[in-house]
Amino acid sequence: MKKWNDSPKIQELLSRMTLQEKIGQLNQRNICAYDEHVEEIKQEVREGKIGSLLFSGSAIPENGGMEAFDLDFTRELQEAAMESRLKIPLLLGRDVIHGFETIFPIPLMMAASFDDRLIEECYSALAAEAGNAGVRWAFAPMLDLSRDPRWGRVIEGPGEDPLLGSRYAASAVRGFQGGSPAQEGRLLACAKHFIGYGASEGGRDYHHTEISDYALQNQYLPAFRAAVRAGVGSVMASFNELSGQPVTGSRRLLTEVLREQLGFDGFVVSDWGGVEQLEAQGVAENGADCARLALQAGVDMDMADQCFARHLEAEVMAGRVSMEEIDRAVERVLQAKLRAGLFRQPVRETVNIDRVKHRALARRIAGESMVLLKNDRNLLPLSKKGRVVLTGCMAQNRDSLMGAWTPDGSADSVITIEEGIRAVAPELELFTESCTLLSDMTAVMEQADTVILALGESARASGEFHCLADISLPEDQAALALRARRLGKKVVGLLCFGRPIALGDTISLFDAVLYAGHAGCEAGMAAAELLFGDRNPSGHLSMTLPRSVGQLPLYYNAAPSGRPVNGYYTECRNYIDESGSPLYPFGYGLSYTSFQVEKARLEKETLSLAELSAGEKAVLHVWVSNTGERDGDTVLQLYLRDPAASMARPLRELKAYERRTLSAGETAEFVFRLGLEELGYYLPDGLLTLEKGEIQLFAGFDAWAEECAKLRIV
Ligand code: BGC
């Protein structure tokens, strides 16, 4: 284990701790300022029975209104810890997922910006805001790769791709922790949920997951590998049972894979009640079994269910758990507290927060993450001087634009779509109508030739335990679009859904579609800037957009088939009644200008395995032109295919990307470097490998990119 300085202090502390005090460090309880148990919990803190507190009222969060804590409350709690015999500070944690006071877009949308640096800045802003309220540990980033948008928690993570997820992971960890989580305005991050939770069968939350070791290594682990490399201080074990093993009780996953293969040296916390749930999950007979199994698997801290606190002492006394096992977990927790600077400063001074800057960041990332899906006859951007009707359930909405998992945000801080449009286009004749009966809509829509339909879903239709069986465009919303279309209007769909939805044939009802997501406090401004051309759209889908629910799961990096049913890339029919291809592929996104790959050149078309093993990289130069009349940001994506390897590799794998601004008419050179790690893949046992043969490279602006070069590995 890496020692974060001063480890003699940890050893000295350990030597003075009683067994009860040690178990106390492994016990995390949840608390709210208004909780009737506050005094009782403080007393337990003084007695050394609690090592960490989680600010949360319940396992299933709602947005806003929780008032779980503030700085004074956190100070009182740390004061109680300072009254304990050994004066060990508490680790105070909170779900800081994509917002605190400032609400950024949901992570699935932030990822769609493909802008690593900006994502990092957003997480830095969150760290400073949460830190000022006394939070020292954030339960984020959530890195669950998911291929099923029915799963409500899909909005909390970076989407379906391992590389995008990995770069998101590194950016978020750097943003939260900076050079050190002990520094001013920084906090300890927690990569969650390890591992495979996003594969929950049928998109049903808490459900069974079935993942082969091959898929685990190449699809689900990369984001965690990246978080570990970025130095993430903690990892949360996931609720799911994976191929017969509930993760919370799996030594193979939490110790052999996470620590021995990935090299993680921080501490592992269970998810809420995850230890106790081992009984319901069918691998333990009682609470004592659960506690022993989880600790021995590699869980160091028990979240909320107090199973460790209730059973570990007796398990040690009975000789079923060793003191070394307890000490190992306690040492990891104490190391994290040391690393987070808690011994030096249990309570920190607040830092200055530049709220204007945070809002500007929120607007920028919202603007960069919205995806232009369709723009027939260049309907967008709209003129600021025309007449426009704005309607639909999201036109005046604030609450749902924040997205799920924003317990510290206030809907009052959200700029609505209507407010955004009025601010961006003050001279526009704007007619608005919110929730009007469909039969009245004719009169409303007759007021202008262009209708903006702000459609979407409630934030409560996504997040934990909020899954949907049907993710198609809701019938009443499709009816609105149909009405506008039948009236001969130009129809702009502004889609404020958290998850990708299945638009099916309803796509034809719109002339233009901007996928805005749940875009946070600046949603209205960002959307308006894009609709009226103050900003050029540049977001690219972080998840495939299916045509229909029946296609799910649908993802771009599918395995090749021996029969011609690789529908993602051809119009072959996997179904009798539906195409095999998505409506829009992963990585897709239009702009008001157009980009074109001009040419590509590999510096060396042949590389040997020996050269690659020695660190040499394949260097690919790609020239891209902005062929339109506006400046704009492009996201150049590089995919590869290894058509013959000892394991079947996917039809496409994203291996590099770069976002860059190109002026109208400009041609720019992009350089991608692919080493062993990018070209190779993991065998089921976790060994990185690459074999001789040809590798195809594809450069473009989505997963349908065209082949641009071939590399020979000899
Ligand atoms: C969620 C976690 C979250 C924890 C604490 C659980 O129900 O799965 O993601 O961090 O609650 O709120």
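Residues numbered from 1 in each chain as written. Predicted model: local features only at pLDDT ≥ 70, side-chain atom pairs only at ≥ 80, totals over all residues. Heavy atoms only, no water.

### Quick look at the overall build of the protein chain
Where we set the bar: For the purposes of this entry, the term helix denotes a DSSP run of H or I that reaches at least four residues, the term strand denotes a run of E that reaches at least two, and both are numbered from the N terminus. In this treatment the radius of gyration is a C-alpha quantity, and the globule benchmark scales as 2.2 Å times the residue count to the 0.38 power. Partly exposed describes any residue whose relative accessible area lies between the buried limit of under 20% and the exposed limit of over 50%, with all areas from a 1.4 Å probe on protein chains only and scaled to the type maximum. Every residue pair with non-hydrogen atoms within 4.5 Å of one another is taken to be in contact. Residue burial considers only the protein chains on display, and all accessible areas are found by Shrake-Rupley using a 1.4 Å probe.
When helices and strands are counted, the protein chain shows 21 helices and 26 strands. For a compact globule of 714 residues, the expected C-alpha radius of gyration is about 27 Å, and the protein chain comes in at 26 Å, within 12% of that figure. When each of the 714 residues of the protein chain is scored for burial, the buried share is 63%. Within the protein chain, residue pairs in contact and separated by at least 24 positions form 78% of the contacts whose partners lie at least 6 positions apart. If you sum the accessible surface of the protein chain, you get close to 25200 Å²; carbon and sulfur atoms cover 47% of it.

### Let's talk about the site of the ligand
Convention followed: Whether a residue is near a molecule or strand depends on its heavy atoms: it is near if one of them lies within 4 Å of it. Here a polar contact is recorded for every N or O atom pair within 3.5 Å, except that within protein the pair must consist of a potential hydrogen donor and a potential acceptor, and residues adjacent in sequence are included only if both atoms are side-chain atoms. Only Asp, Glu, Lys and Arg are considered charged in this grouping, and only Ala, Val, Leu, Ile, Met, Phe, Trp, Tyr, Cys and Pro are considered nonpolar; every other residue, Gly among them, is considered polar.
Every one of the 13 residues lining the ligand counts as a neighbour, but Asp95, Arg153, Lys192, His193 and Asp271 are closest to it. Contacts to the ligand include aspartate 95, whose side-chain N or O atom sits 2.4 Å from an oxygen atom. Here an oxygen atom of the ligand and a side-chain polar atom of histidine 193 are 2.7 Å apart. For the ligand, whose unbound accessible area comes to 310 Å², protein coverage reaches 99%. Classifying every residue of the shell around the ligand by side-chain character gives 7 nonpolar, 1 polar and 5 charged.

### Some remarks on helix H9 (residues 222–229)
Across the 8 residues that make up H9, a large majority, 7, are buried. Buried within H9 we find Pro222, Ala223, Phe224, Arg225, Ala226, Ala227 and Val228. Summarising the contacts, the buried residues of H9 are in contact with helix H7 (162–177), strand S5 (190–194), helix H8 (213–220) and strand S23 (681–682). In the segment just after H9, glycine 231 is the residue with positive phi, at about 90°.

### Comments concerning the confidence of the model for the protein chain
Test applied: Scored from 0 to 100, pLDDT reflects the predictor's confidence in each residue.
Per-residue pLDDT for the protein chain has a mean of 95; in total, 96% of the residues score no lower than 70. Here helix H17 (residues 441–445) stands out as the least confident element of the protein chain, with mean pLDDT 86; strand S9 (residues 267–269) is the most confident, with 99. Throughout residues 1–5 the model reports pLDDT below 50, and contacts reaching past four residues in sequence, or to other chains, amount to 11 contacts.

### As for the side chain of asparagine 27
Mapping asparagine 27 onto the fold places it in strand S1 (residues 27–31). Among the residues examined, asparagine 27 registers a relative accessible area of 1% and is labelled buried. Not counting residues up to four positions away in its chain, the partners in contact with asparagine 27 are Lys49, Ile50, Gly51, Ser52, Asp302, Gln306 and Ala309.

### Some words on the sheet that holds strand S4 (residues 137–138)
In plain terms, the rule: A pair of strands is considered paired only if DSSP assigns at least 2 bridges between the two.
Taken in spatial order, the 5 strands of this open sheet run S4-S3-S2-S1-S10, and their pairing is parallel. Looking at strand neighbours, the two that pair on one side only are S4 and strand S10 (302–303), the edges of this open sheet. Alignment of strand S3 (residues 91–94) against S4, held across 2 bridges, turns out to be parallel. Paired with glycine 93 across the strands is tryptophan 137, a residue of S4.

### Some thoughts on the sheet that holds strand S26 (residues 706–713)
On the basis of which strands lie adjacent, the open sheet formed by 5 strands has the order S18-S26-S25-S20-S21 and mixed pairing. Every interior strand has two partners, whereas the edge strands, strand S18 (606–607) and strand S21 (653–662), have only one. Sheet topology places strand S25 (residues 693–700) next to S26; 7 bridges connect them, and they run antiparallel. Across the sheet, glutamate 694 pairs through a bridge with arginine 712, a residue of S26.

### Description of the pattern of salt bridges
The criterion, for reference: Put simply, a salt bridge is a Lys or Arg side-chain nitrogen that is within 4 Å of an Asp or Glu carboxyl oxygen.
If you walk through the whole model with that rule in mind, you get 56 salt bridges. Between glutamate 120 and arginine 174 there is a salt bridge whose closest N-O contact spans 2.8 Å. Taken as a pair, glutamate 120 in helix H6 (residues 116–132) and arginine 174 in helix H7 lie far apart in primary sequence, 54 residues in all. Note on arginine 174: relative accessible area 37%, which makes it partly exposed. The network of salt bridges with shared partners includes Asp115, Arg364, Glu368, Asp633 and Arg659.

### Notes on the packing of helix H3 (residues 38–46) against helix H4 (residues 71–82)
As a reminder, the rule being used: Axis definition: a line fitted to C-alpha atoms, limited for helices to the stretch in contact. Angles are taken between N-to-C directions and run from 0 to 180 degrees.
Running from N to C, H3 and H4 point in directions that differ by 40°, and their axes come no closer than 7 Å. Along its contact with H3, which presents Val38, Lys42, Val45 and Arg46, the element H4 presents Phe73, Glu76, Leu77, Ala80 and Ala81. Residues belonging to the contact of H3 with H4 are distributed by class as follows: 6 nonpolar, no polar and 3 charged.

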